[in-house]
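Overview (structure and organization)
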Amino acid sequence: TILILDFGSQYSHLITRRVREIGVYCEMLPCTQKIAELSFKPTGIILSGSPYSVYDKDAPHVDPAVWELGLPILGICYGLQEMAWTMGGKVAPCAHREYGHATVHPVALPASSPTHLGKLLAGMGTDLTMWMSHGDQLSELPKEFTALATTATSPYSAIGHLKKPIYGLQFHPEVTHSKNGTQILKNFVLDVCGASANWSMSSFIDKEIARIREMVGPTAQVVGAVSGGVDSTVAAVIMSKAIGDRFHAILVDNGVMRLNECKNVYERLRNKLGINLTLADASATFLGKLAGVSEPEKKRKIIGNTFIDVFEAEAERIDKETALKGQAKIEYLLQGTLYPDVIESISFKGPSATIKTHHNVGGLKEDMKLKVIEPLRELFKDEVRALGKLMGLDDELVWRHPFPGPGLAIRILGEVTPDKVRIVQQADDIYISEIRKAGLYRQISQAYAALLPFNSVGVMGDQRTYEKTICLRAVETTDFMTADWFQFPYDVLKRISNRIINEVRGVNRVMYDVSSKPPATIELE
Ligand code: XMP
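Residues numbered from 1 in each chain as written. Predicted model: local features only at pLDDT ≥ 70, side-chain atom pairs only at ≥ 80, totals over all residues. Heavy atoms only, no water.

Regarding the overall build of the protein chain
- Of regular secondary structure, the protein chain possesses 14 helices and 18 strands.
- Along the three orthogonal principal directions, the C-alpha set of the protein chain runs to about 90 × 65 × 40 Å.
- Looking at the protein chain as a whole, 54% of its 525 residues qualify as buried.
- In the protein chain, the proportion of contacts linking residues at least 24 apart, taken out of those at least 6 apart, comes to 77%.
- Counting every atom, the protein chain has about 24000 Å² of accessible surface; 52% of that belongs to carbon and sulfur.
- Across the protein chain, the mean location of the 58 positive side-chain charges is 2 Å away from that of the 60 negative side-chain charges. (Helix = DSSP H or I, 4+ residues; strand = E, 2+ residues; numbered from the N terminus. Buried < 20%, exposed > 50% of the residue type's maximum accessible area, 1.4 Å probe, protein only. Contact = heavy atoms within 4.5 Å. Areas by Shrake-Rupley, 256 points an atom, 1.4 Å probe, with all protein chains shown as cover. Lys, Arg positive; Asp, Glu negative; His and termini not counted. Charge placed at Lys NZ, Arg CZ, Asp CG, Glu CD.)

Shown next as C-alpha cells:
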C-alpha cells in the first residue's frame, strides 16, 4: 500500500487515481495523520500539493515521524516544499509564477551518482511537458539534496536526496496535462518503492468479501436500502456474495419512482441477481404526506423523513421475523458510499463549502444503532461501474443515469398528486426510450422529463385545450458539479415532443431546457 498524505490540493485525488491505474493499491489520508496510528504498513509515501505556502501561519505539516520511517518519499509541489523546508532548504515566492505547461529538463547525472537518484526520471528523455501550478518555489536546496531536473525559471524542478530514496517534484505528474507524468509515478511506486502491481477489481472483490465476512461474523445480519442505481446494486451484490441471505435488501416504493421502476428493479435484483430483497410499498403513505405541499425543501424533507421511518419499520419487521426462525439480530447497515464522499469528509480542512451534499439515506435515527458497512468506500464511480461489469451486471444497469432520492417529487413543480405522477412517468418513459432508440443514452449524462406548474392553451382537433406543459432536460457532465445542456438533433426532439403530446393525456406542450449549470442546477427543484 502506498500512503498518500493530502495537504488539500485540488489534484490530490488524482494521485490516488493514477497510482491505482498503475495497479498499485494506495490510500489517501489527511496530512495530519499520526504515523503511529496508521492501520497498515505503507511501502512508500507521496506528499500532495496544497493551496498553502509552507510559511503560512496555519500551513499544514506532516507528522515528523514520516521522515524517520526509512521509506521512499515523493513530495509533489507543496510536498516538495514541505520536504525542503523541513530539511533546511529555502522556499520563496517565485519571481515568475509558473502556471500551466512548462518544459522540464532532467539533469544528466554523473556516472558516479548513487543509483537510486537515476530511478525517478529513468527513461524520460530530455524535454518533458509537465503541468505547473505554484507561486512558491525552492530557492535553496537542503543539504544532501541534488537537482534532478530544471526549467527555464527554476533550477530545482525535481530534486533527490543523495543517500535516501526521497524525491521532490515542483510540477504535478498526476494531472493528464503532464505528458509522461504517469511514467514518473510508475518509476516511483514500482521501481523505487518496489510495490507490486496487483491491485485489480477481481482482487478487490475477493478482499472485500473476506473483510465483510470477518467483520460480520458467522451469525449477525445486515440490512441495506437499494434504489436500483449502480452504487447500491453493486454494494448489495457484494454483500450477498459475502453472507448470502443474512443480508436483507429493502427497496422502498415511495410513489414517486419512474414508470414500472419498482417492478423492474425488484425483478432484476431478486430474480436475476439473487439478492434477498423485500419491496416495501409505501407509496400511499408518501403521497398522502406530500398532498398539499408545494415548497421544494419541504417536499424533500417529507420524503427523506418518511423514507427513514419506512426503512426502519421494515428492518424491525425483518429482525422480528428472522428472530422467530432463530436467527441472530441485524447489527449492520450497508451503505453505498463512494471514495469522493470519503475524501470530502477526511480532508484536514473539513468538507469543502463548494460541494453540494445530497439528502440520501444515511440519517438513520440514533436508536437504530447499526454499525455501518461501506464496501465501495475506496472506489471512484467509474471503478464501481467496472466492478459491476465484472460481477455480471448488465450494461443497462451499469450505465444508468443517476436518479435523485426524492424522485419525481422534485420534477413535479409545485404540489405532487397521483395524476401528475402518472403524467411525468409516461412522458419520462417516452423521452428515455426515444433517447435510447436514437443511441444517445450513453452520451447524455442525465435526462429526465419534468412537469411545469401551469396550464397553457392549445388546440386539438377542433377543440380548445387548456393543459399541462412538460419540460425536457438533458445534460452532459463528468462530475455533476457543472453541466452543459445537450444539443439534441432536432428530429429526435421532434419525435419525442410529438409522442408526448399525442400519447400522454393532459399534456399539450413540450419545452426543452437550454440552461447550463451553473447558474441553473440539473434538477428544477
Ligand atoms: P443539481 O440539481 O444539484 O443535481 O444540479 C446534481 C445531481 O444530483 C442529483 N440530485 C440528488 N441526488 N438526492 C440524490 O440522491 C437528492 O436529494 C438529489 N438532488 C439532486 C441530481 O439528479 C443530479 O444528478
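Resuming the write-up.
Observations regarding the side chain of Ser50
- Locating Ser50 in the fold gives a position in the loop between strand S3 (44-47) and strand S4 (73-76).
- Excluding residues within four positions of it along the chain, Ser50 makes contact with Phe7, Gly8, Ser9, Pro60 and Tyr78.

Here we look at the layout of surface pockets
- Reported here for the second largest pocket is a volume of approximately 400 Å³.
- Along the wall of the second largest pocket there are 17 residues; nearest its centre are Glu261, Asn264, Glu396, Ile432 and Arg436.
- Contributions of two or more residues to the lining of the second largest pocket are made by helix H7 (261-272) and helix H13 (418-437).
- Per-element tally for the lining of the second largest pocket: the top contributor is H13, with six residues.
- Taken together, the residues of the lining of the second largest pocket break down into five nonpolar, four polar and eight charged. (1 Å grid on protein atoms, 1.4 Å probe; cavity = no way out; pocket = protein on both sides within 12 Å on 5 of 7 lines; lining within 4 Å. Points joined across faces, edges and corners; volume = space filled by probe spheres on them. Nonpolar A, V, L, I, M, F, W, Y, C, P; charged D, E, K, R; others polar.)

Here's the deal with the sheet that holds strand S12 (residues 277-281)
- Spatial strand order, S12-S11-S10-S13-S14: five strands in an open sheet with parallel pairing. Each of the sheet's edge strands pairs with one partner strand only, and the pair in question is S12 and strand S14 (371-373). Strand-to-strand twist of the sheet, defined as the mean angle between neighbouring strand axes without regard to direction, takes the value 30°.
- Each of strand S10 (221-225), strand S13 (330-334) and S14 is contacted by helix H5 (residues 201-216), which is oriented at about 165° to S14, the strand it contacts most. (Pairing = 2+ DSSP bridges. Axes fitted to C-alpha atoms, helices over the stretch in contact; angles between N-to-C directions.)

Examining the sheet that holds strand S9 (residues 166-169)
- The nine strands are arranged S2-S1-S3-S4-S9-S8-S7-S5-S6 in an open sheet whose pairing can be described as mixed. At either margin of the open sheet sits one strand with a lone partner, and together these are strand S2 (26-30) and strand S6 (128-140). Strand-to-strand, the axes of this sheet are offset by a mean angle of 20°, without reference to chain direction.
- In this sheet, S2 lies alongside strand S1 (residues 2-6) in parallel orientation, the contact comprising five bridges. Across the sheet, Leu5 pairs through a bridge with Leu29, a residue of S2.
- Strands S1, S3, S4, S6 and S9 of the sheet are contacted by helix H4 (residues 181-192), whose axis makes an angle of about 160° with S4.

Let's talk about the side chain of Thr306
- Mapped onto the fold, Thr306 is located in helix H9 (residues 296-324).
- Beyond its immediate chain neighbours, meaning those up to four positions away, Thr306 contacts Thr285, Phe286 and Lys289.

Re the UniProt feature "binding site: ATP" (unreviewed entry) in the protein chain
- UniProt tags Ser227, Gly228, Gly229, Val230, Asp231, Ser232 and Thr233 as "binding site: ATP" (unreviewed entry).
- Considering the arrangement of structural elements, one finds Asp231 in helix H6 (residues 230-243).
- Leaving out residues up to four positions away in the same chain, Asp231 has contacts with Gly336, Leu338, Leu376, Lys381 and Val384.
- With respect to the helices, strands and loops of the structure, Thr233 is situated in helix H6.
- Only 2.6 Å separates the side chain of Thr233 from the backbone oxygen of Gly229, close enough to count as a polar contact. (UniProt positions renumbered as here; feature names shortened; annotations may be inferred. Polar contact = N/O pair within 3.5 Å; in protein donor to acceptor, adjacent residues only side chain to side chain.)

Thoughts on the environment of Ala195
- Residue placement: Ala195 occurs in the loop between H4 and H5.
- Along the primary structure Ala195 and Gly44 are separated by 151 residues, whereas in three dimensions their C-alpha atoms are 8.2 Å apart.
- If we ignore the near neighbours within four places in the chain, the residues touching Ala195 are Ile2, Val24, Thr43, Val189 and Leu190.

Section: unusual backbone geometry
- Residue Lys517 is joined to Pro518 through a cis peptide bond whose omega torsion reads -15°.
- Summarising the element assignment, Pro518 is placed in the segment after strand S18 (507-512).
- Each neighbour pair has its own omega, and for Pro518 with Pro519 the value is 5°, a cis peptide bond.
- If you trace the backbone, Pro519 turns up in the segment after S18.
- Of note in this structure, Cys77 is not a glycine but carries a positive phi near 60°.
- Here Asn260, not a glycine, exhibits a phi torsion of approximately 60°, which is positive.
- Within the secondary structure, Asn260 sits in the loop between strand S11 (247-253) and H7.
- Owing to a relative accessible area of 43%, Asn260 belongs among the partly exposed residues under this scheme.

As for the confidence of the model for the protein chain
- Per-residue confidence for the protein chain gives a mean pLDDT of 92; residues scoring 70 or more make up 95%.
- Low pLDDT, under 50, characterises residues 350-362; the predicted model gives this stretch 14 contacts beyond four residues in sequence or across chains.
- In the predicted assembly, ipTM is 0.98 and pTM is 0.78. (pLDDT = per-residue confidence, 0-100.)

Overview of the pattern of salt bridges
- Counted under the stated rule, the structure contains 30 salt bridges.
- Here Glu261 ties to Arg400 by a salt bridge, and the two come within 3.1 Å at their closest N and O atoms. Placement of Glu261 in helix H7 and of Arg400 in the loop between helix H12 (395-398) and H13 is noted, with a sequence separation of 139 residues between them.
- Close ionic contact of Asp513 with Arg473 constitutes a salt bridge, the shortest N to O distance being 3.5 Å. Here Arg473 lies in strand S16 (residues 463-476) and Asp513 lies in the segment after S18, a separation of 40 residues in the sequence. The exposure classification of Asp513 matches that of Arg473, with both residues buried.
- A single network of salt bridges, built from pairs that share partners, joins Arg268, Lys272, Asp394, Glu396 and Arg436. (Salt bridge = Lys/Arg side-chain N within 4 Å of Asp/Glu carboxyl O.)

Examining the packing of aromatic side chains
- All chains considered together, the criterion is met by 10 aromatic pairs.
- Where Tyr99 meets Trp131, the ring centres are 5.9 Å apart and the plane angle is 65°; that geometry is what we call edge-to-face. Within this pair, whereas Tyr99 is found in strand S5 (residues 90-106), its partner Trp131 is found in strand S6, the two being separated by 32 residues in sequence.
- Geometrically, the ring pair formed by Trp199 and Phe204 is edge-to-face, given 5.6 Å between the ring centres and 80° between the ring planes. Like Phe204, Trp199 is buried.
- Each residue in the set Tyr431, Trp485, Phe486, Phe488 and Tyr512 is aromatic and connected to the rest through ring pairs, giving one cluster. (Phe/Tyr/Trp six-rings, centres within 6.5 Å; stacked < 30°, edge-to-face > 60°.)

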